[in-house]
Amino acid sequence: MAGQSDHSLSIFSAAEVEFIAEDEMIEIVPNIRMDALNLLCGDFGPFLPQIPCKVPLWLAVALKKRGKCSIRTPDWMSVEKLTQVLEAERESPREFQPLPFHYVEISRLLLDHAHDDIPEVYMVRSLIEDIRNVRFHKVESGLETISGRTYAVKLKNLSAMEVNLVRPFMVRVLQAFDKHDSPETVQQADASASKRPQVVDRGLRVSLSCVTC
């Protein structure tokens, strides 16, 4: 896994973040009759035709690929809700609207594998992309305000993918500021300055020797 050599700067790949998100629960509507699945992560089912039930996202995608269920789109992925979120994001340049922690990964998986179950799918895709762009722009704007006096940065309601992108940069910047302002660094700078050789202006001495000749 990336970043294992330094846990403070650990960063996951997009595929790894998506893998974690696949454990999120989502509602499906089976079109088959099937006994319960007894898995290491839990028991799911039994599955009855047209009876909604909740399963992990990875299982929902697997059943969907085999034509054994449809996936119910989460409420937050409706055009109405996404439009409200986008407007609120644009109106609040310093605040992030609350969304599921894995909204990026969940929406990507559903748009890729269950697009036929999503009402107004093209509008949903466009709105989610706009929301991501607005939020990333706000993250960039927030990072531009970091100075040497910054000891912590509060970015509330960030998603997993956004945190994953920001964390390594933030840690390195704050560590650099901390190192620069540490007493040891200041003492070393003072010591280096005191050891610098003094520059002697020899121009006047030459001119005086010429006068005495």
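Residues numbered from 1 in each chain as written. Predicted model: local features only at pLDDT ≥ 70, side-chain atom pairs only at ≥ 80, totals over all residues. Heavy atoms only, no water.

- Looking up the chain in an unreviewed UniProt entry gives the name DNA replication complex GINS protein PSF2, with the organism given as Rhynchospora tenuis.
- The UniProt entry for the chain carries the following text under Subunit (unreviewed entry): "Component of the GINS complex."
- Per UniProt, the comment on the chain under Subcellular location (unreviewed entry) is "Nucleus". (UniProt positions renumbered as here; feature names shortened; annotations may be inferred.)

1. Considerations on the packing of aromatic side chains
Move 1: Evaluated as defined, the whole model comprises zero aromatic pairs.
Move 2: One Lys or Arg, Lys138, reaches over the ring of Phe96 and ends 5.1 Å from the middle of that ring. (Phe/Tyr/Trp six-rings, centres within 6.5 Å; stacked < 30°, edge-to-face > 60°. Lys NZ or Arg CZ within 6 Å of the ring centre and 35° of its normal.)

2. Observations concerning the state of the cysteines
Every disulfide links exactly two cysteines, by a covalent bond between their sulfur atoms.
Move 1: Taken as a whole and assessed by the stated rule, the structure comprises zero disulfides.
Move 2: Free of any disulfide, Cys53 has its nearest neighbouring cysteine sulfur in Cys69, separated by 8.2 Å.
Move 3: A relative accessible area of 5% places Cys69 in the buried class. (Disulfide = S-S within 2.5 Å. Buried < 20%, exposed > 50% of the residue type's maximum accessible area, 1.4 Å probe, protein only.)

3. Thoughts on the pairing of strand E1 (residues 25–30)
Regular strands place side chains that alternate from one sheet face to the opposite one.
Move 1: With four bridges joining them, E1 and strand E4 (residues 53–56) adopt antiparallel strand pairing. Its bridge partner lying in E4, Ile26 is registered against Val55.
Move 2: Two strands pair when backbone bridges link them, and E1 and strand E5 (residues 69–71) are joined in this way by three bridges, in the antiparallel orientation. Considered in E5, the bridge of Pro30 is made with Cys69. (Pairing = 2+ DSSP bridges. Helix = DSSP H or I, 4+ residues; strand = E, 2+ residues; numbered from the N terminus.)

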